[in-house]
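Here is how the chains run, residue by residue.
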Amino acid sequence: MTSSQPAVKYTVPGLELEEGSKVVELLRVRLHALNDLSLTLKHIHWNVVGPHFIAVHEMLDPQVDRVREMADDVAERISALGGVPAGTPGALVAERTWDDYDVGRADAIAHLGALDLVYTGLIEEHRRVRAEVAEIDPMTEDLIIEQVRDLEQFQWFVRAHLESAGGSLSTAGAHTERQAAESAGPDGGR
Ligand SMILES: [Fe+2]
């Protein structure tokens, strides 16, 4: 995707090929991030244990459904722009810039601590890409804005489990999923 040749042979009306290619390149990694998130949410759904099991287990499936819709919308936007959406696990793993989620069976609140960090990383990058596409393609920008709004709501659902009565988050200061899981979990810093 770094060659000087445009990656697309046609694109939507009103965009130059280079512009369409740039948006496709940015969306390609957002598609990986959303596919990765939908799998990670299911992984957590399957691996939560402890007193908050049912609340967290059941909270996650609607998030999976919506994130899968988001991935579908991004993939179809790539196609409309003349690009080729990459939906295979191999492409995802080869091209992603983040590590695999690394918490296995764990307390539900510990998982939510780690998931808080997952959402932060994904939302920050969605916001960055929103700013980058804004000048080129407001229609793609609009799609990303809609997604960030929903992702931020899902992160609030997660954070509500991590917030103390004083309003601080148990994951504050954690830089890795494991750190966040440890500080949020039942043996954590609360
Ligand atoms: Fe299930």
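These figures come from a predicted structure and were not determined experimentally.

About the thresholds
- Residues numbered from 1 in each chain as written.
- Predicted model: local features only at pLDDT ≥ 70, side-chain atom pairs only at ≥ 80, totals over all residues.
- Heavy atoms only, no water.
- Helix = DSSP H or I, 4+ residues; strand = E, 2+ residues; numbered from the N terminus.
- Rg over C-alpha atoms; globule rule 2.2 N^0.38 Å.
- Axes fitted to C-alpha atoms, helices over the stretch in contact; angles between N-to-C directions.
- Parallel < 35°, antiparallel > 145°, perpendicular 65-115°, else oblique.
- Left-handed = near helix turned anticlockwise from the far one by under 90°.
- Nonpolar A, V, L, I, M, F, W, Y, C, P; charged D, E, K, R; others polar.
- Core = buried A, V, L, I, M, F, W, Y, C linked by side-chain atoms within 4.5 Å.
- Buried < 20%, exposed > 50% of the residue type's maximum accessible area, 1.4 Å probe, protein only.
- Contact = heavy atoms within 4.5 Å.
- Arc of directions from axis to C-beta.
- Polar contact = N/O pair within 3.5 Å; in protein donor to acceptor, adjacent residues only side chain to side chain.
- Phe/Tyr/Trp six-rings, centres within 6.5 Å; stacked < 30°, edge-to-face > 60°.

Enquirer: Where do I start with the overall build of the protein chain in this structure?
Expert: For the protein chain, the helix and strand inventory stands at six helices and two strands. Traced from its N-terminal end to its C-terminal end, the protein chain shows the element sequence α-β-α-α-β-α-α-α. Here the protein chain has a C-alpha radius of gyration of 18 Å; the compact-globule value for 190 residues is 16 Å, and the two agree. A principal-axis box enclosing the C-alpha atoms of the protein chain has dimensions of 55 × 35 × 25 Å.

Enquirer: Explain the packing of helix α4 (residues 108–134) against helix α5 (residues 138–160) here, please?
Expert: A pair of packed helices is captured by two measures, namely the crossing angle of their axes and the spacing between those axes. Relative orientation of the contacting elements α4 and α5 amounts to 160°, with a least axis distance of 9 Å. Judged by the angle between their axes, α4 and α5 are roughly antiparallel. Relative to α5, the crossing made by α4 is left-handed. When grouped by side-chain class, the residues that make up the contact of α4 with α5 number 15 nonpolar, five polar and six charged.

Enquirer: Explain the nonpolar core to me, please; I cannot follow it from the model alone.
Expert: A general tendency of soluble globular proteins is for nonpolar side chains to be buried together. Ranked by internal contacts, the top residues of the largest apolar core, which has 49 residues, are Leu 37, Leu 41, Leu 112, Leu 115, Tyr 119 and Leu 151. Taken together, the elements giving at least two residues each to this core come down to α1 (17–47), α2 (53–80), α4, α5 and α6 (177–184). For this core, the element with the highest residue contribution is α4, accounting for 12 residues. Sequence-distant contacts of Leu 37, that is, excluding residues within four places in its chain, are made with Val 67, Leu 115, Val 118, Tyr 119, Leu 122 and Leu 151.

Enquirer: Sorry if this is basic, but what is going on with α6 here?
Expert: Since there are 3.6 residues in each turn of an α-helix, residues three or four apart along the chain are aligned in direction. All of the buried residues along α6 are Glu 177, Ala 180, Ala 181 and Ala 184. End-on, the buried residues of α6 take up no more than an arc of 100°, which puts them together on one face.

Enquirer: Any chance you could explain the environment of Val 23 here in plain terms?
Expert: Relative to the helices and strands, Val 23 resides in helix α1. A C-alpha to C-alpha distance of 12 Å links Val 23 and Pro 85, two positions 62 residues apart in sequence. For Val 23, the residues in contact, after removing those within four places along its chain, are Leu 81, Val 133, Ile 136, Asp 137 and Thr 140.

Enquirer: Help me understand the side chain of Arg 77 in this model?
Expert: Take Arg 77: it is sitting in helix α2. You can call Arg 77 buried: its relative accessible area is 17%. Here Thr 140 takes part through its side chain, which lies 3.0 Å from a polar atom of the side chain of Arg 77. Arg 77 has contacts with Val 12, Leu 27, Asp 137, Met 139, Thr 140 and Leu 143, leaving out every residue within four places of it along the chain.

Enquirer: I keep staring at the packing of aromatic side chains and nothing clicks. Help me out?
Expert: Any two aromatic rings considered together are summarised by their centre-to-centre distance and by the angle between their planes. Evaluation of the coordinates by the stated rule reveals two aromatic pairs. Ring plane angle 50° and centroid distance 6.2 Å describe the contact between Phe 154 and Phe 157, whose orientation is recorded as tilted. Taken together, the residues Phe 154 and Phe 157, both in helix α5 and three residues apart, mark about one turn of the helix. Given the relative accessible area of 30%, Phe 157 is considered partly exposed. Plain terms: the ring middles of Trp 156 and Phe 157 are 5.5 Å apart, the flat faces sit at 50° to each other, and that makes the pair tilted. Members of the aromatic cluster, joined through ring pairs, are Phe 154, Trp 156 and Phe 157.

Enquirer: Can you walk me through the packing of α1 against α2 in this structure?
Expert: The interhelical angle for the contact between α1 and α2, taken along N-to-C directions, is 160°, at an axis separation of 9 Å. Between α1 and α2, the angle falls in the class roughly antiparallel. As for how α1 packs across α2, the hand of that crossing is left-handed. For the contact of α1 with α2, the per-class residue count stands at 15 nonpolar, five polar and five charged.

It is worth stressing that arrangement in space is one thing and function is another; only the former is reported here.
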